[in-house]
Amino acid sequence: MRLTKKVTAMAMASAMILSMTACGGSTSSSATTAAPTEAAKTEAAATEAASTAEAVKEAAGDVDLSDKKVGISIYKFDDNFMTLYRTELQRYLTEDLGFKAENVVIQDGKGDQAEQTNQIQNFITQKYDVLILNLVQASSAPEITDMCKEAGIPVVFINREPDEAEETRWKDEKIPATYVGCDARQSGTYQGQEIYETENKGDINGDGKVSYIMIQGDPENVDAQYRTEFSVKALTDEGMEVEELLKQRGDWDQAKAQQIAQDALNQYGDKIEVIFCNNDAMALGALQAIEAAGRTVNEDIYLVGVDALTEAVQNVIDGKQTGTVFNDHFSQAKMAADCAVSYLKGEDVDPVNMVDYIKVTQDNAQEILDKLK
């Protein structure tokens, strides 16, 4: 069984302070209580900020992070979610942890594993102290791990999870490698629950089954696999009969998803009751097709995604998307950076560190949106 550590507190953009979580040891959190006056709120915020600053300083220990070099490679820069992630990662490393901006280098893998592997080799040649990697292909993890191990450089894999055998190898061979992410099974389950929690449990036409199309990301990606499987499983676990009309690869891309949804709506028409999308970018594309076809979300069709992109959350508020799932990039970025610091301090790090997803519906969408702004 994999070792996991879940962070359930959501990190916030500006109004709230991130709680500190040490990857290799115990966790601690801080909570704020609403104060009756603005003055009290200001004082509480100042106290919290001071406490957080002290926690960051303590987390770094005696290690001088200012001269440590962090090499980061993102599978591709034009991915909506990873743009949010890398922006927060860079901010946290430099503003909160004290790394020099010039020592935090982030490169674009351009969706090409060969390109990314070359970037990683350059990081190794230039003797970077720790790497944070969002792999183009998760299956490349063993090769990349061995490269880093040979060079004596610890590595934090993010967002795209290597398989369980590789994570077990890190533990058994005491390799300084770890994965930080969310369990995609949870996100898929939340998508299915959002459909089940609708008034008609997803069965809009009342024929006793939920007829759906599934727009996948990359089928070789474990997140896409789990979201695809567990979104439907959540319905069948509740005793619902389901009918898959179409499952097609959309590569996480809005334009591709729009075309897939358009073609499916033309082919299956009103028979489609639910469109599952493995991410929100594709849900935005599907929405364009839905509206062009004269259909109305939450009236004659349901639509769910994952990531809680700002536009998607606003669509949930406006009733243009049934729901989404917050892929908490704040807490993931923080966790990844904290694990990197733990390695620099010579501490042990669990091979797998997980952050919880958060279900986003009309009940809490405004709250989530406020935290994203």
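Heads up: the structure comes first, above all this text.
So, empty space enclosed by the protein
Taken as a whole, this structure holds 1 cavity of 30 Å³ or more when the rule is applied. The space that makes up the largest cavity amounts to roughly 140 Å³. Considering the residues around the largest cavity, the lining is formed by 13 residues, among which D79, F81, N159, R227 and W252 are closest to the centre. For the lining of the largest cavity, the elements supplying multiple residues, two or more each, are α2 (80-96) and α7 (222-237). A breakdown of the residues in the lining of the largest cavity according to their chemical character gives 4 nonpolar, 4 polar and 5 charged.

Section: the nonpolar core
Core analysis: the largest hydrophobic core is formed by 54 residues, its most contacted members being I215 and I275. For this core, the element with the most residues is helix α11 (residues 329-344), which contributes 9 residues. Beyond its immediate sequence surroundings of up to four residues, I215 is in contact with Q248, G250, A257, I260, A261, I275, F276, C277, N278, M282 and A286. Residues Y128, M147, C148 and I175 belong to the second largest nonpolar core, which totals 20 residues.

Brief notes about the pairing of strand β2 (residues 70-74)
Most of β2 is tucked away: 5 of the 5 residues are buried. A two-sided burial pattern is seen for β2, the buried positions comprising V70, I72 and I74 on one face and G71 and S73 on the other. Inspection of the sheet shows β2 paired to strand β3 (residues 104-108) by 5 bridges, in the parallel sense. Paired with I74 across the two strands is D108, which belongs to β3. Taken together, β2, α2 and β3 form a β-α-β motif whose crossover is right-handed. When β2 meets strand β4 (residues 130-133), the two strands line up parallel, connected through 4 bridges. From the neighbouring strand, I72 faces β4, where its bridge partner is I132.

Conventions and cut-offs
Residues numbered from 1 in each chain as written. Predicted model: local features only at pLDDT ≥ 70, side-chain atom pairs only at ≥ 80, totals over all residues. Heavy atoms only, no water. 1 Å grid on protein atoms, 1.4 Å probe; cavity = no way out; pocket = protein on both sides within 12 Å on 5 of 7 lines; lining within 4 Å. Points joined across faces, edges and corners; volume = space filled by probe spheres on them. Helix = DSSP H or I, 4+ residues; strand = E, 2+ residues; numbered from the N terminus. Nonpolar A, V, L, I, M, F, W, Y, C, P; charged D, E, K, R; others polar. Core = buried A, V, L, I, M, F, W, Y, C linked by side-chain atoms within 4.5 Å. Buried < 20%, exposed > 50% of the residue type's maximum accessible area, 1.4 Å probe, protein only. Contact = heavy atoms within 4.5 Å. Pairing = 2+ DSSP bridges. Right-handed = clockwise from strand over helix to strand, strands pointing away.

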